[in-house]
Amino acid sequence: QVQLRESGGGLVQAGGSLRLSCTASGRTFSSCHMGWFRQAPGKEREFVAAITWSSGSTYYGDSVKGRFTISRDNAKSTVYLQMNSLKPEDTAVYYCAVDWRGMVVPSTRSSGYDYWGQGTQVTVSS
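Just so it is clear, the model here is predicted, and its values are computed rather than measured.

What counts and how
Here the residue numbers are simple positions, counted from 1 along each chain's written sequence. Thresholds applied to this predicted model are a pLDDT of at least 70 for local features of residues and 80 or more for the giving and counting of side-chain atom pairs; totals over whole chains, interfaces and linings are not thresholded and use all residues. Working from all heavy atoms in the structure, the side-chain values ignore hydrogens and water. Here a strand is any run of E in DSSP of at least two residues, a helix any run of H or I of at least four, and the numbering for each starts at the N terminus. Radius of gyration: C-alpha atoms only; globule rule: 2.2 Å multiplied by the number of residues to the exponent 0.38. A 1.4 Å probe rolled over the protein chains alone gives each residue an accessible area, and that area as a share of the maximum for its type sets the label: buried under 20%, exposed over 50%, partly exposed in between. The rule for pairing is simple: two strands pair if DSSP sees at least two bridges between them. Lines fitted to C-alpha atoms define the axes, with helix axes restricted to the stretch in contact, and inter-axis angles between N-to-C directions lie between 0 and 180 degrees. The definition of a nonpolar core used throughout is a set of buried Ala, Val, Leu, Ile, Met, Phe, Trp, Tyr and Cys residues joined through side-chain atoms within 4.5 Å. Only heavy atoms enter the contact rule, under which two residues are in contact if any of them lie within 4.5 Å.

Enquirer: Which parts of the structure should I look at to understand the overall build of the chain?
Expert: Tallying secondary structure elements over the chain gives 0 helices and 11 strands in all. When the helices and strands of the chain are placed in sequence order, the string is β-β-β-β-β-β-β-β-β-β-β. By the compact-globule yardstick of 14 Å for 126 residues, the chain fits well, its C-alpha radius of gyration being 13 Å. Counting the 126 residues in the chain, one finds 44% classified as buried.

Enquirer: What's the story with the sheet that holds strand E7 (residues 68-73) in this structure? I'm lost.
Expert: Within a sheet, each strand pairs with its neighbour through backbone hydrogen bonds, oriented either parallel or antiparallel. Overall, antiparallel pairing links the 4 strands, which are arranged E1-E3-E8-E7 in an open sheet. Each edge of the open sheet is held by one strand with a lone partner, namely strand E1 (2-7) and E7. Taking the axes of each pair of neighbouring strands and ignoring which way they run, one obtains an average angle of 15 degrees across the sheet. Strand direction decides the pairing type here: E1 and strand E3 (residues 18-26), joined by 6 bridges, are antiparallel. Opposite serine 7, over in E3, you have serine 21 as the bridge partner.

Enquirer: Before we go on, may I ask you to explain the nonpolar core in this structure?
Expert: Side chains of nonpolar character tend, in soluble globular proteins, to be buried together. In terms of nonpolar packing, the biggest core is built from 29 residues, with Met34, Trp36, Leu81, Met83 and Tyr94 touching the most fellow members. Among the secondary structure elements, those contributing two or more residues to this core are E1, E3, strand E4 (33-39), strand E5 (46-51), E7, strand E8 (78-83), strand E9 (92-99) and strand E11 (120-125). With near-sequence residues (within four places) excluded, methionine 83 lies in contact with Gly16, Ser17, Leu18, Leu20, Arg67, Phe68, Tyr94 and Val122. If you look at the next biggest cluster of nonpolar residues, it comprises 5 residues, including Phe37, Phe47, Ala50 and Tyr113.

The following block contains the structure:
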């Protein structure tokens, strides 16, 4: 069993930055891939970013490439999402999740993730 807790969301003006954190407890954090997803009202959950267990590789959704950066600190059991140049269309609830499938590459689909946090709201005003 794994518990995930996101933090760092809030209200920011367009062009601003936020840093989300997700801290895990329970099973060994350092052996799993981690991902961030987001869901806006009335829309499907969207892949944002993922990182391999070793931090060797990162993956991004097309809409956030070049603006967002995912990283992790296994010693702190924490994964981060640095969000820069935020746009109103980035407004959503952001979720972190654990991919424990054991594949080489983390999934970019929500169905590939086993555990989810409760989400943190990010609102970008124009």
